[in-house]
Amino acid sequence: MSIHHQAIRSTRRFFIIQLAGCLLVVTLIAGDRAVFAVTASEAEQKAQAAQDSGDLKAAAPYWEYLVQYNADQSNWDGAAAYAGMLAEYYDSMKQIDPARHYYELSNEYWLKEGKDLGATYWERAEQLRTTVEMYVSTSDERKLAAVSLPTSGKLAKFEPAYGTYIGMYSEQDRLMGNNYTRSADIYGKNHALYLTYPHFDMRFVSSYIRRAQQAGAAMQIAWEPVNGLDEVVDGEQLHYWAREMKAAEIPIFLRFACEMNGDWVPWADDPAKYIEKFRLVASIMHEEAPNVAMVWAPNDVPKYSMDQFYPGDEYVDWVGIDMYNEPYIFGDPTISMMQMSPVEKLDEVYSKYADRKPIMISETAVSHTTNEDGKSHTDWAILNMSRLYEVMPKKYPRLKAITWFNVNLRLRESKNDFLLRDDPKAMDAYKSFIADPYLLSKVETGAKPDNHLGYLKMDSESESLIESSAHIVPFVKFPDVMIGKVVYELDGKPILTSTAPPFALDLRAADVPEHSNLTLRAYNADGQEVASTTAAITPAPSSVLTDDAIFSDTTVTTAFENVAADSESTAPAAQTKSILSKWWEKIKSIFSRLK
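Being a predicted model, the structure only gives us computed values, none of them experimental.

Turning to the overall build of the protein chain, a few remarks are in order. Assigned secondary structure in the protein chain consists of 16 helices and 25 strands. A burial count over the protein chain gives 54% of its 595 residues as buried. Counted over contacts in the protein chain with a minimum sequence separation of 6, partners at least 24 positions apart contribute 73%. For the protein chain, the exposed surface amounts to about 25800 Å²; the carbon and sulfur share of it is 49%.

This is the structure we're talking about:
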């Protein structure tokens, strides 16, 4: 396992643009509203002189002109460099909106130049962004299917219909180790899958498989060719692993050669060879081990170098990503990452692949303690853990699995403590968050939460239906980082004040007038209102069937017609019993919704 944050800073360069006598007259409005005209080369000279004298305020109008001039000339590296300088200037002046704008613009221009030099500027823009959203529970499976299924409409191997599997790497936790059957006692809930890290040339991980079998769980195997990709050949080792995995008879997520976009792994320097080897492994597993789902999993950084390693849809069953939330970069207290949340770290992979592949966060954690300085970050950690487990599965409905890396790194790598037992408050928070029925404990294609509830985004444009008892989860983030409280108002009247993550609201349809407005107001730790959002809501029409309706002639006739249709292609006795059992499960499902 490797945890890396790559802090890429755009090198400040100045471009002397030769105009060959062409005078460009521009209007620049300085702080004192003075208006003056310059050529591009004069603007560079004046900006440089102002910068050398330490007067960045005077340099800023010239930089603004040079950003636009270079962009107009398609000199993307020049436009990106000047946009980056402006972003840092406005950031230093705490002018958030222009700073965010120019950070985003710099990243956009670097991408147009074909260079991955603006990722940290994009990251900083996200740190400065204010977001307030709400997500509401629903049992409407048609609406849930629209956001939870791939565009093809066909679930991938082991993909739940909706909901998110929970996983854990527990080997270095003395409370649990690899005794997966202890999960419910320790965390109040079983995990759906467990993670291990064998090397490619090792013997098969039989002991881990046995533990997973005992717990009724699946395995995520991070299979690492630590000697380089050349050791991965169509030979006995590969086929031996395929035979052993098939014999395991449990779902296996095979995360082969992950984090390939990072220079810290020995399989990262040759995308073509990586694709060749991934395809080889996938082809053999698909043919010989049908219980194996192939997982392609880059790291969240470097941000824009993932695509070149993608093996193709035919070879990838799930798309994963490794991502961590830490207070500092590389454990260095002088480089803060406190304003970053886990939510935006998923953006790149999700936007590119979620329409056709289920997404898993194959490794993740939030640091509650930084070992470099021994500082506790419990409140910050719990806030971001709530975003990871409460917000992200609702905001990103194609996110179908999350695996926690339960380790204290002490004085290695990022020097962060992710081990839950080291912080009782973090441990309690984790147990509370994963208790959500939306977070699934059993891997099975087509799995659903026991309460048959999923989530939809709320907005002011269309009314969200509030069912008999609706659960509303907000996503609140702003540069002040820590949230003091959120206040919910129904048609202008306060109905709940929440001061702790996940800041959720339970709302009864009986308490909601038709065509109402639900407003959420977010406050910082100083009690100042920072942002708000309003959603249109109305009580849902009663969709609960009475006993008479359930067993009406039409319903029963339709049910039996379906059974009869199924029976035409099956043998009578045992097959009919199976079909009737299937319909009995459907009836029980209806009753469960009446509770």
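One open sheet holds the 3 strands; their spatial order is S14-S13-S16, and the pairing between them is antiparallel. The outermost strands of the open sheet, each flanked by one partner alone, are strand S14 (375-376) and strand S16 (416-417). Pairing analysis gives 2 bridges linking strand S13 (residues 369-370) to S14, with the strands arranged antiparallel. By the bridge assignment, Thr370 is partnered in S14 with Lys375.

Moving on, we come to helix H4 (residues 96-112). Over its 17 residues, H4 extends 24 Å from the first C-alpha to the last, a length consistent with the 24 Å expected when each residue adds 1.5 Å. By the burial criterion, the buried members of H4 are Ala99, Arg100, Tyr102, Tyr103, Leu105, Ser106, Asn107, Tyr109 and Trp110. The secondary structure elements touched by the buried residues of H4 are helix H2 (56-72), helix H3 (76-92) and helix H5 (119-127). Two residues or fewer past H4, Gly114 is found with a positive phi of approximately 80°.

Turning to the packing of aromatic side chains, a few remarks are in order. Tallying each qualifying case throughout the model produces 30 aromatic pairs. Summarising the aromatic geometry, the rings of Tyr274 and Phe309 are spaced 5.7 Å apart at their centres and angled 85° between planes, so their arrangement reads as edge-to-face. Taken together, the residues Tyr274 in helix H10 (residues 271-288) and Phe309 in the loop between strand S8 (292-296) and strand S9 (318-325) connect sequence positions 35 residues apart. The buried category is assigned to Phe309, whose relative accessible area is 3%. Taken together, the aromatic side chains of Phe200, Phe204, Trp223, Trp241, Phe256, Tyr274, Phe278 and Phe309 make up a single cluster linked through ring pairs.

The subject of this paragraph is the nonpolar core. By size, the foremost hydrophobic cluster in this structure holds 103 residues, and its most contacted members are Trp223, Phe256, Tyr274, Met285, Trp296, Tyr389 and Trp404. Dropping the residues within four chain positions of it, Trp296 is found in contact with Met260, Tyr274, Phe278, Met306, Phe309, Tyr310, Pro311, Val316, Trp318, Val319, Gly320 and Tyr353. In this structure, Leu66, Tyr82, Tyr89 and Trp110 belong to the second largest nonpolar core, which totals 33 residues.

Following the sequence through the fold, Thr164 ends up in strand S4 (residues 164-169). Its relative accessible area of 0% is what places Thr164 among the buried residues. Setting aside anything within four residues of it in sequence, one finds Thr164 in contact with Pro393, Leu399, Lys400, Ala401, Ile402, Tyr438, Leu439 and Leu440.

As a further point, take the sheet that holds strand S25 (residues 529-539). Ordered by their spatial adjacency, 5 strands build an open sheet running S19-S25-S24-S21-S22, and the pairing between neighbours is mixed. Single-partner strands in this sheet number two, and they are strand S19 (464-466) and strand S22 (493-498). Going across the sheet, the axis of each strand differs from the next one's by a mean of 35°, ignoring polarity. Sheet topology note: the S19/S25 ladder contains 3 bridges and is parallel. When the bridges of S25 are listed, Ser464 appears paired with Ile537.

Oppositely charged side chains may form a pair once their charged atoms are brought near each other. This structure, assessed with the given rule, holds 30 salt bridges. Ionic pairing is found between Glu104 and Arg129, a salt bridge with its closest N-O pair at 2.1 Å. Residue Glu104 is located in helix H4, and its partner Arg129 is located in the loop between H5 and strand S3 (131-138); the two are separated by 25 residues in the primary sequence. In this structure Arg129 comes out as partly exposed when scored by relative accessible area, which is 23%. Note that Arg356 is salt-bridged to Asp313, the shortest N-O span being 2.8 Å. Residue Arg356 is located in the loop between helix H11 (347-353) and strand S12 (359-366), and its partner Asp313 is located in the loop between S8 and S9; the two are separated by 43 residues in the primary sequence. You can call Arg356 partly exposed: its relative accessible area is 30%. A cluster of three or more residues bridged by salt bridges with shared partners is formed by Lys303, Asp307, Glu348 and Lys352.

Below, the discussion takes up the confidence of the model for the protein chain. Close reading of the predicted structure is inappropriate where its pLDDT is low. Per-residue confidence for the protein chain gives a mean pLDDT of 88; residues scoring 70 or more make up 85%. Considering only residues more than four positions removed or in separate chains, one finds that residues 543-580, a stretch of pLDDT under 50, has 23 contacts. Note that residues 589-595 has pLDDT below 50 and, in this model, 11 contacts with residues that lie over four places away or in other chains.

The next point concerns the environment of Lys448. Here Lys448 shows up in the loop between strand S17 (439-440) and strand S18 (454-457). Relative accessible area serves as the criterion here: at 32%, Lys448 is assigned to the partly exposed category. Counting along the chain gives 285 residues from Lys448 to Gly163, while the straight-line C-alpha distance between them is 6.0 Å. With near-sequence residues (within four places) excluded, Lys448 lies in contact with Glu141, Ala161, Tyr162 and Leu440.

What counts and how
Throughout, a residue's number is its position along its own chain's written sequence, starting from 1. Local features in this predicted model are restricted to residues whose pLDDT is 70 or higher, and side-chain atom pairs enter the listing and the counts only when it is 80 or higher, whereas totals over whole chains, interfaces and linings include all residues. Just so you know, side-chain values use all the structure's heavy atoms and leave hydrogens and water out. For the purposes of this entry, the term helix denotes a DSSP run of H or I that reaches at least four residues, the term strand denotes a run of E that reaches at least two, and both are numbered from the N terminus. The classification of residues rests on relative accessible area computed with a 1.4 Å probe and restricted to protein chains. Under 20% of the type maximum is buried, over 50% is exposed, and intermediate values are partly exposed. For this analysis, residues touch if any pair of their heavy atoms sits within 4.5 Å. Note on areas: Shrake-Rupley, 1.4 Å probe, and residue coverage restricted to the protein chains presented here. A pair of strands is treated as paired once DSSP finds two or more bridges between them. A helix is expected to span 1.5 Å for every residue after the first. Between 30 and 60 degrees the pair is tilted, below 30 it is stacked and above 60 it is edge-to-face, where a pair is any two Phe, Tyr or Trp rings, Trp via its six-membered ring, whose centres lie within 6.5 Å. Throughout this description, the term nonpolar core refers to a set of buried Ala, Val, Leu, Ile, Met, Phe, Trp, Tyr and Cys residues connected via side-chain atoms within 4.5 Å. To define axes, lines are fitted to C-alpha atoms, for helices over the stretch in contact only, and angles between the resulting N-to-C directions are given on a 0 to 180 degree scale. Whenever a carboxyl oxygen of Asp or Glu lies within 4 Å of a side-chain nitrogen of Lys or Arg, that contact is scored as a salt bridge. For every residue, the predictor assigns a confidence score, pLDDT, that lies between 0 and 100.

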